[in-house]
Amino acid sequence: MVRSLTTGSSPPPPRGWLVQSSGLERIERNNLRGLDVEFPLGVLTTVTAAGYQVVEAARMNAKANRGVGKSDPLDARRIAAAVLPLRVDRQRHLRKDDGSRAALRVLMAARDHMTSERTADINALTALLRVLDLGIDARKPLTGKQISEIAKWRTRTEDISAVIARAEAVRLAKRIVDLDDELAENVKATTALLKQSPARVLLDKPGIGPVTAAVAMTAWSHDGRLHSEAAFASLAGVSPVPASSGNTVRHRLNRGGDRRLNKALHMAVIVRMTHDADTKAYVERRLAEGLTKREIRRILKRYLARQIHRALTAASRADAAQDTITDTPLSI
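Procedures and definitions
In every chain, residue numbers begin from 1 and rise along the written sequence. It should be noted that, the model being predicted, local features are given only for residues of pLDDT at least 70 and side-chain atom pairs only at 80 or more, the latter also being counted only at that level, while totals for whole chains, interfaces and linings use all residues. Each side-chain value is derived from all of the structure's non-hydrogen atoms; neither hydrogens nor water enter the calculation. When a carboxyl oxygen of Asp or Glu is within 4 Å of a side-chain nitrogen of Lys or Arg, the pair counts as a salt bridge. Under the DSSP-based scheme used, a helix requires at least four consecutive residues in state H or I and a strand at least two consecutive residues in state E, with every element numbered from the N terminus. Buried, partly exposed and exposed residues are distinguished by accessible area as a fraction of the type maximum, computed with a 1.4 Å probe on protein chains only: under 20%, between the cut-offs, and over 50%, respectively. Within this scheme, the nonpolar core is defined by two criteria: the residues are buried Ala, Val, Leu, Ile, Met, Phe, Trp, Tyr or Cys, and they are joined through side-chain atoms within 4.5 Å. Residue contacts follow a heavy-atom distance rule, with two residues in contact if any of their heavy atoms lie within 4.5 Å. Note that patches include only residues with greater than 30% relative accessible area and no salt bridge, and the join distances are 9 Å for like charges and 5 Å for nonpolar side chains (Val, Leu, Ile, Met, Phe, Trp, Tyr). Method for areas: the Shrake-Rupley scheme with a 1.4 Å probe, in which residue coverage is limited to the protein chains shown. When charges are counted, Lys and Arg are positive and Asp and Glu negative, with His and the chain ends excluded. To locate a charge, take NZ of a lysine, CZ of an arginine, CG of an aspartate or CD of a glutamate.

**What about the pattern of salt bridges?**
Counted according to the given criterion, the structure contains 14 salt bridges. A salt bridge links D180 to R118, with the shortest nitrogen-to-oxygen separation between them at 2.5 Å. With D180 in helix α5 (residues 160–194) and R118 in helix α3 (residues 99–131), this residue pair connects regions lying 62 residues apart in the sequence. In this structure D180 comes out as partly exposed when scored by relative accessible area, which is 31%. In this structure, the salt-bridge partner of E158 is R166, at a minimum N-O distance of 2.7 Å.

**So, the nonpolar core**
Across soluble globular proteins, nonpolar side chains show a tendency to be buried alongside one another. Counting 36 residues, the largest nonpolar core has L202, F232, L261, L265 and I308 as its most contacted members. Secondary structure elements with two or more residues in this core: α3, α5, α6 (210–220), α7 (229–236), α8 (259–275) and α10 (293–327). With residues up to four places along the chain from it excluded, the contact list for F232 reads A216, W220, L226, L261, A305, I308 and H309. Listed in part, the 18 residues of the second largest apolar core include I150, A165, L172 and I176.

**Quick notes on a positive patch on the surface**
Where like charges cluster on the molecular surface, the positive patch consists of R252, R255, R259 and R294. For R252, the position within the fold is in strand β2 (residues 251–252). Looking at R252, the relative accessible area reads 33%, which means it is partly exposed.

Such coordinate-based values are descriptive only and should not be taken to indicate function.
This is the structure:
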C-alpha cells in the first residue's frame, strides 16, 4: 500500500514503511541512505529478501513537474502518484539479473562499447587518410579490404610527417581488425547463450539475428514481467499513438520506450521488408491502399513486438512445464 507522508524536521520511525529486520531498520522513510548495501542491486536484494515486492516506477509527467524542483521527498511523492492509478496486474516487474539474461546483458553492453570504439576508429582513420596522401583513396567509405591492407603496412623511408601518419594509420587499422574479431566472438558467445534460453525460438524467424534476439530477451526478461504483449509493445516504443484530425484517421510513431529495443525491431523490420517475400507482398498491398512507408514500418514493428512476446512467453512456459515434469518424482 502506498500512503503519503508529510515531511518534517523529525521524521517518524520507519515502522510500517519497511520491515524492521536485516538492516532495514536504519532506512529513513524517504530514501535509502541508512541501508549499508551496494546500490542498486544490493538494495533490490535486501528489500525483496525482507518480503517486499519491487516493481518499476511508472513513467512520470516531466512537464507537469517543471519548475517544482527536485529532492528525495518530491521524487518519492511523484513516483507514488504515478504508481497509484495502476492496477496490481498492470505493474511492470523488474528484470531478472541472473542466469542467461544477465550474461546476455553483459555481452550486449560489451558489444555497444566495441561498436562505438570501432566507429570512432574508422572515422579517425578516414579523416587521417583524407588529410595526408598515404596512397589510399578515402573519398568513399573505407572497405574491409582497404583496412586490412593498411594494417599490413611496413615502415618506409619518407618525410617525418608521413612516417608518423602512416604509423598512426597502421595502429588504427590494426585496432579495427581486432575489434572485428572481438565482435565476431561476441556474436558466437551470444548465440550460444540464446540457444540455452527461451529466445532460441527467435533465431528461426526472418529478420531476427543473435543481436536482435538478445536485445529482445534482455528487455522481456521472464514470463510475467509484463502483463501482456501490448505492454511489451509499449516498452519497445512501438505502440500506436493516435494522431487523427478531422476526417484524417492515422497513428504516428511512439518516441518513448526502450530505444535499444526499438532500434532492434526497426532493423529487423527493414530486413524483412527487403528480403522476406510475405513482408514485401504486405508492403505492396498497403502502399496501394495509400499508406506511407513510415506508417507501414510502424505497423510491422507493432506486429513484430507481438510475435516476439508470444514466442518468448510460449517457450518459457514450455521450459517451465518440462522442468516440472523432470523434477516430479516417479511413484513405484
